[in-house]
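# What the coordinates show
Take a look at the letters that make up each chain.
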Amino acid sequence: MTTLAAPSSALAPRRAWLADLPVLLVAVVWGGSYLAAKGITTTHTVIAVLVLRFALVLPVLVIAGWSRLRALSAPQLRGAGALGLVLGGIFLLETYGVVHTSATNAGLIISLTMILTPLAESAVRRTAPSPAFLGAAAVSVAGVVLLTQGAGFTAPGLGDLLILGAALARTLHVLLMARIKAVQDADSLSLTTVQLGSAVLVFAVLAALPGTGASPWAAAADFGVAQWAGLAFLSVFCTLFAFFVQMWAVRRTSPSRVSLLLGTEPLWAAAAGIAIGGEHIGAVGLTGVVLVLAGTAWGRRAAG
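As the structure is a prediction and not an experimental result, all values here were calculated from the model.

The next thing to look at is the environment of Trp268. On the secondary structure map, Trp268 appears in helix H13 (residues 265-276). A relative accessible area of 30% places Trp268 in the partly exposed class. Here Trp268 is in contact with Leu24, Ala27, Val28 and Gly31, once residues within four sequence places are set aside. At a separation of 3.1 Å, a polar atom in the side chain of Trp268 contacts the side chain of Thr264.

Put into C-alpha cells, the structure is as follows:
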C-alpha cells in the first residue's frame, strides 16, 4: 500500500510545478515587455504601436468568446467600457513612460501598484493599514528614490513620473473593478475583450488627431524585422498568452499562488534591462532594486 501511494504523492509537486510554470513564464514575458516596448517605440510612435499591438489580438479574443460577448448585458458593457478607458490611460502612461526611462526603472516603479492598491483600499474604507504594511511601503518608496537617482541625486525624470502615474492608474483600475457591480459577475474573457476594445478605440481616435505622431500604417511601414518581432512578442505573448494562461491557471491553482508568481514581474524587468538591454544602474540603483523587491514582497505578505 505504501508503494502504491508513493507515486501519487510524488506526482503532486510535479503537477503543482506544471501549473506554476506557465504563470511564471507570464511574469517573465511581462518583465521583458518594458524592454520590448522601448525597443520598438519612440515618442512619435507610441499611439501607433498601441493601436497595432492590441488591434492584432482583439479579433482573436472576439472570435474566442463571441457567444459570451453576446450574452453581456447593457450595464456590463458600459462598466467594461468605462474600465477600458482607464486601461487605455494605463497603457498610454506606461508606453510614454518607458520611452523616457529605462526598462529597469519602468518595471520596478510599476510594481508599486502592489503597495498603492492596499493603501487606496484602506483610504476608501477609512481603515488604518497595519504598521507592517506601512513599513513595507516606506521601504518600497525608498527603493524607488534610490533607483531613480543611480546617476546622482536629481529630480526624477519625466519617464519615471509617467510610470508612477501608470501605477496610480492601475490602482484606480483595480478599485473600480471591485466597485462597479455590473462587471463583478461578468465572464472574464468578455470583460477583457470589451476593455481592450474600448482602449483600442481611444488609441484609434488619438491616432487620427493631428500632432499625435505617426499613423499606425506609417509606423508599420517603417518597421523592420526586429520591430515586427518586438510587436509580435507584445501582442502574442504579453497579451494573448498571458491572458489565457491566467484563465487556465486560476482553475488549477490558487489565486494567491498565481498572484505570488506574477509578483516576480519586476525582478524579470530588471534582469532583462540589465542583462539584455545593457542598462547600468550603479551601486545606488542596485540598492534601490533590492529595496523595491523586498518592500513589495513584504507588503504583499502584510496585506494578505
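On the surface, Leu161, Leu164 and Leu168 cluster together into a nonpolar patch covering about 260 Å² of accessible area. Tracing the chain through its elements places Leu161 in helix H8 (residues 158-179).

One pass over the structure, following the stated rule, counts two salt bridges. Among the salt bridges present, the one from Asp187 reaches Arg68, with a minimum N-O distance of 3.4 Å. Note that Asp187 is positioned in the loop between H8 and helix H9 (188-208) and Arg68 in helix H3 (residues 66-70), a separation of 119 residues in sequence. Exposure remark for Asp187: the relative accessible area of 23% places this residue in the partly exposed category. Here Glu94 makes a salt bridge to Arg170, at a shortest N to O gap of 2.8 Å. Linking Glu94 in helix H4 (residues 74-100) with Arg170 in helix H8, this pair joins segments that are 76 residues apart in sequence. Relative accessible area serves as the criterion here: at 10%, Glu94 is assigned to the buried category.

So, about the packing of aromatic side chains. Scanning all chains against the criterion turns up six aromatic pairs. Relative to Phe237, the ring of Phe233 lies with its centre 6.0 Å away and its plane at 35 degrees, an arrangement referred to as tilted. With Phe233 and Phe237 both in helix H11 (residues 225-249) and four residues apart, the pair spans about one turn of that helix. One aromatic cluster in this structure is built from Phe54, Phe91 and Phe203.

Our focus in this paragraph is the side chain of Thr193. Here Thr193 is to be found in helix H9. A polar contact is formed between the side chain of Thr193 and the backbone oxygen of Leu189, at a distance of 2.8 Å. If sequence neighbours within four positions are ignored, Thr193 has contacts with Leu58, Leu61, Val62 and Leu69.

The next point concerns unusual backbone geometry. The backbone of Arg126 sits at a positive phi, close to 60 degrees, despite the residue not being glycine. Within the fold, Arg126 resides in the loop between helix H6 (113-125) and helix H7 (131-147). Assessed through its relative accessible area of 79%, Arg126 is described here as exposed.

All right, on to the nonpolar core then. With 29 residues, the main nonpolar core has Tyr34, Leu108, Ile110, Leu231 and Leu234 as its most contacted residues. Of all the secondary-structure elements, those providing two or more residues to this core are helix H1 (2-40), helix H2 (46-64), helix H5 (103-110), H7, H8, H11, H13 and helix H14 (282-303). Grouped together as the second largest cluster of nonpolar side chains are 24 residues, Leu58, Val86, Val200 and Met247 included.

With 17 residues, H7 ought to run about 24 Å at 1.5 Å a step, and its terminal C-alpha atoms sit 24 Å apart, in line with that. Of the residues making up H7, those classed as buried are Phe133, Ala136, Ala137, Ser140, Gly143, Val144 and Leu147. Taken end-on, H7 shows its buried residues confined to a sector of 125 degrees, consistent with a single buried face.

Next up on the list: H2. Helix length check: H2 (19 residues) gives 28 Å between terminal C-alpha atoms against 27 Å at 1.5 Å per residue, within 8%. Those residues of H2 lying buried are Val46, Ile47, Ala48, Val49, Leu50, Val51, Leu52, Arg53, Phe54, Val57, Leu58 and Leu61.

The subject of this paragraph is the confidence of the model for the protein. For the protein, mean pLDDT is 86; residues scoring 70 or higher make up 90% of the total. Within the protein, helix H12 (residues 255-262) has the poorest average pLDDT of any element, 72, and H4 the best, 95. Considering only residues more than four positions removed or in separate chains, one finds that residues 1-11, a stretch of pLDDT under 50, has one contact.

Thresholds, definitions, all that
- Sequence order as written defines residue numbering, which begins from 1 separately in each chain.
- Confidence filtering applies because this is a predicted model: local features only for residues at pLDDT of at least 70, side-chain atom pairs given and counted only at 80 or more, and all residues used for totals across whole chains, interfaces and linings.
- The basis for the side-chain values is all heavy atoms of the structure; hydrogens and waters are excluded.
- Put simply, DSSP H or I for four residues or longer makes a helix, DSSP E for two residues or longer makes a strand, and each gets a number counted from the N terminus.
- Throughout this description, buried means an accessible area under 20% of the type-specific maximum (1.4 Å probe, protein chains only), exposed means over 50%, and partly exposed covers the range between.
- In what follows, residue pairs with any heavy atoms lying within 4.5 Å of each other are defined as contacts.
- Here a polar contact means two N or O atoms within 3.5 Å. Within protein one must be a hydrogen donor candidate and the other an acceptor candidate, and residues neighboring in sequence count only if both atoms are side-chain atoms.
- Here a patch means residues that are over 30% exposed by relative accessible area and free of salt bridges, tied together within 9 Å if like-charged and within 5 Å if nonpolar (Val, Leu, Ile, Met, Phe, Trp, Tyr).
- Throughout, the Shrake-Rupley method with a 1.4 Å probe supplies accessible areas, and for residues the shown protein chains are the sole cover considered.
- Salt bridges are identified by distance alone: a Lys or Arg side-chain nitrogen within 4 Å of an Asp or Glu carboxyl oxygen.
- Each aromatic pair joins two rings of Phe, Tyr and Trp (for Trp, the six-membered one) with centres within 6.5 Å, and gets the label stacked for planes under 30 degrees apart, edge-to-face for over 60, and tilted for any other angle.
- Put simply, a nonpolar core is a bunch of buried Ala, Val, Leu, Ile, Met, Phe, Trp, Tyr and Cys residues held in one set by side-chain atoms that sit within 4.5 Å of each other.
- A helix is expected to reach a length of 1.5 Å times the quantity of its residues less one.
- Throughout, the arc means the angular range of directions from the helix axis out to the C-beta atoms.
- pLDDT expresses how confident the predictor is about each individual residue, on a scale running from 0 to 100.

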